[in-house]
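# Summary of structural features
Take a look at the letters that make up each chain.
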Amino acid sequence: MPFSDTVRSRLDADAAQIIGKYPGHRSALIPLLHLVQAEEGYVSEDGIEYCAAKLGLTEAEVTGVVTFYTMYKRRPVGQYHVGVCTNTVCAVLGGNQILAELREHLAVGDDEVTPDGQVSLEHLECNAACVYAPVVMVNWEFFDNMTPASARQLTDDLRTGNKVSPTRGPGRLVTWREAARILAGFNDDLATEGPAAGPADLVGLKIAKEHGWTAPEPGPADNHGAGSQGASDQAREPR
């Protein structure tokens, strides 16, 4: 369904802010796609047409970006989009089992939504949180050290409206559309809430402090230049 005049007016105001941040309009495509995803919950054909018109691109160019990045969805997902990592460390520690049990528990496949519209499921690649494996994400917030049982409980809580808080980060879990708006560049002022790092992140720092280790001081500013000059001089030597 084409955007209504009210929706288009709201999108136009936000799009102007996004586009104004970039010297070249084309560079605004990534956040602009998140903006239309925040509006509809996914990137529709109308969303693609809107972005193309705003940035002077073809719809084929916009579609190429949408289909390349898995964070953009081509059909509606749940209010809470649950991603399970099965990359190496998570897989070894139980990620595959978590994914398999959630598929059975929720009776959905990848990017499919539970009948109540609350939860969808995605098989994710590495979430860069290997020290907390297995990791599950909900709307891109971390839930660390998960088990099949805790993952099932998490999805049950999401579906019944029980309070759910990420392991790290803000205490309030945003919805899928709210997360998309944040990714479009509109701050929700929750970024500094809660712990950004947990105990496993700080083990190296703890060990360094116990041993009195410090990072080496940076060398003279011309170190790299000297190296380049040396290589240049060597290249000029007769063979």
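Residues numbered from 1 in each chain as written. Predicted model: local features only at pLDDT ≥ 70, side-chain atom pairs only at ≥ 80, totals over all residues. Heavy atoms only, no water.

### Quick look at the overall build of the chain
Scanning the chain from terminus to terminus reveals 10 helices and 4 strands. Relative to the 2.2 N^0.38 estimate, which gives 18 Å for 239 residues, the radius of gyration of the chain is 23 Å and therefore markedly larger than a compact globule would have. For the chain, the spread of C-alpha atoms along the principal axes amounts to about 70 × 50 × 40 Å. Within the span of the chain, comprising 239 residues, buried residues form 39% of the whole. Here the analysis covers contacts within the chain between residues at least 6 apart in sequence; of these, 64% occur between residues at least 24 apart. Of the side chains in the chain, 20 bear a positive and 32 a negative charge, and the two mean positions are spaced by 1 Å. (Helix = DSSP H or I, 4+ residues; strand = E, 2+ residues; numbered from the N terminus. Rg over C-alpha atoms; globule rule 2.2 N^0.38 Å. Buried < 20%, exposed > 50% of the residue type's maximum accessible area, 1.4 Å probe, protein only. Contact = heavy atoms within 4.5 Å. Lys, Arg positive; Asp, Glu negative; His and termini not counted. Charge placed at Lys NZ, Arg CZ, Asp CG, Glu CD.)

### A closer look at the environment of Asn 127
As for its placement among the helices and strands, Asn 127 is situated in the loop between β2 (119-124) and β3 (136-138). Measuring from C-alpha to C-alpha, the distance between Asn 127 and Trp 140 comes to 9.1 Å, with 13 residues separating the pair along the chain. Every residue in contact with Asn 127, bar those within four places of it in the chain, is listed here: Cys 85, Val 135, Met 137 and Phe 142.

### Looking at the sheet that holds strand β1 (residues 80-85)
One open sheet accounts for 4 strands, arranged β2-β1-β3-β4; its pairing is mixed. In this open sheet, the two strands that pair with only one neighbour each are β2 and β4 (141-143). Sheet twist, expressed as the average angle between the axes of neighbouring strands with direction ignored, equals 25°. Here β3 runs beside β4; their pairing, made up of 3 bridges, is antiparallel. Bridge assignment links Val 136 to a residue of β4, and that residue is Phe 143. (Pairing = 2+ DSSP bridges. Axes fitted to C-alpha atoms, helices over the stretch in contact; angles between N-to-C directions.)

### Observations regarding the confidence of the model for the chain
Close inspection of predicted coordinates is inappropriate in any region flagged by low pLDDT. Confidence in the prediction for the chain averages 90 pLDDT; 92% of positions are at 70 or higher. Mean pLDDT per element in the chain: helix α10 (residues 223-236) is the minimum at 46, and helix α7 (residues 148-160) is the maximum at 98. Counted against residues more than four places away or in other chains, residues 226-239, with its pLDDT under 50, gives 2 contacts. (pLDDT = per-residue confidence, 0-100.)

### Digging into the packing of aromatic side chains
A complete count under the given rule lists 4 aromatic pairs for this structure. Taking 5.9 Å as the distance between ring centres and 80° as the angle between the ring planes, the aromatic pair formed by Phe 3 and Tyr 50 counts as edge-to-face. With a gap of 47 residues between them, Phe 3 in the segment before α1 (5-19) and Tyr 50 in helix α3 (residues 45-55) connect regions that are remote in the sequence. Among the residues examined, Phe 3 registers a relative accessible area of 11% and is labelled buried. Here the aromatic residues Phe 68, Tyr 69 and Tyr 72 are joined through ring pairs into a cluster of three or more. (Phe/Tyr/Trp six-rings, centres within 6.5 Å; stacked < 30°, edge-to-face > 60°.)

### Some remarks on a nonpolar patch on the surface
On the surface, Ile 30, Phe 68 and Tyr 69 cluster together to form a nonpolar patch covering roughly 320 Å² of accessible area. Residue placement: Tyr 69 occurs in the loop between α4 (59-68) and β1. For Tyr 69, a relative accessible area of 40% translates into the label partly exposed. (Patch = residues over 30% accessible without salt bridge, like charges linked within 9 Å, V, L, I, M, F, W, Y side chains within 5 Å. Areas by Shrake-Rupley, 256 points an atom, 1.4 Å probe, with all protein chains shown as cover. Salt bridge = Lys/Arg side-chain N within 4 Å of Asp/Glu carboxyl O.)

### Overview of the packing of α1 against α3
A pair of packed helices is characterised by two quantities: the angle between their axes and the separation of those axes. Contact geometry for α1 and α3: axes closest at 12 Å, N-to-C directions at 50°. It follows that α1 is oblique to α3 by the angle criterion. As α1 packs across α3, the resulting crossing turns out to be right-handed. Contacts between α1 and α3 involve Arg 8, Leu 11, Asp 12, Ala 15 and Ile 19 on the former and, on the latter, Tyr 50, Lys 54 and Leu 55. Looking at the contact of α1 with α3 residue by residue, the classes come out as 5 nonpolar, no polar and 3 charged. (Parallel < 35°, antiparallel > 145°, perpendicular 65-115°, else oblique. Left-handed = near helix turned anticlockwise from the far one by under 90°. Nonpolar A, V, L, I, M, F, W, Y, C, P; charged D, E, K, R; others polar.)

### As for α3
Since the α-helix advances by 3.6 residues per turn, residues separated by three or four positions end up pointing in the same direction. By the burial criterion, the buried members of α3 are Asp 46, Gly 47, Ile 48, Tyr 50, Cys 51, Ala 52 and Leu 55. Summarising the contacts, the buried residues of α3 are in contact with α1, α2 (29-40) and α4. The N-capping residue of α3, defined by a side-chain oxygen 3.3 Å from the backbone nitrogen of Asp 46, is Ser 44. (Polar contact = N/O pair within 3.5 Å; in protein donor to acceptor, adjacent residues only side chain to side chain.)

### Concerning α1
Counted at 1.5 Å a residue, the expected span for α1 with its 15 residues is 21 Å, and the 20 Å between its end C-alpha atoms agrees. When α1 is considered as a whole, its buried residues turn out to be Val 7, Leu 11, Asp 14, Ala 15, Ile 18 and Ile 19. Mapping the buried residues of α1 onto a view down its axis gives an arc of 135°, with all of them on the same face. Of the residues in α1, the exposed ones pointing more than 90 degrees away from the buried face are Asp 5, Thr 6 and Ala 16. Turning to α1, the residues buried within the fold contact α2, α3 and α8 (176-183). (Expected span 1.5 Å × (residues − 1). Arc of directions from axis to C-beta.)

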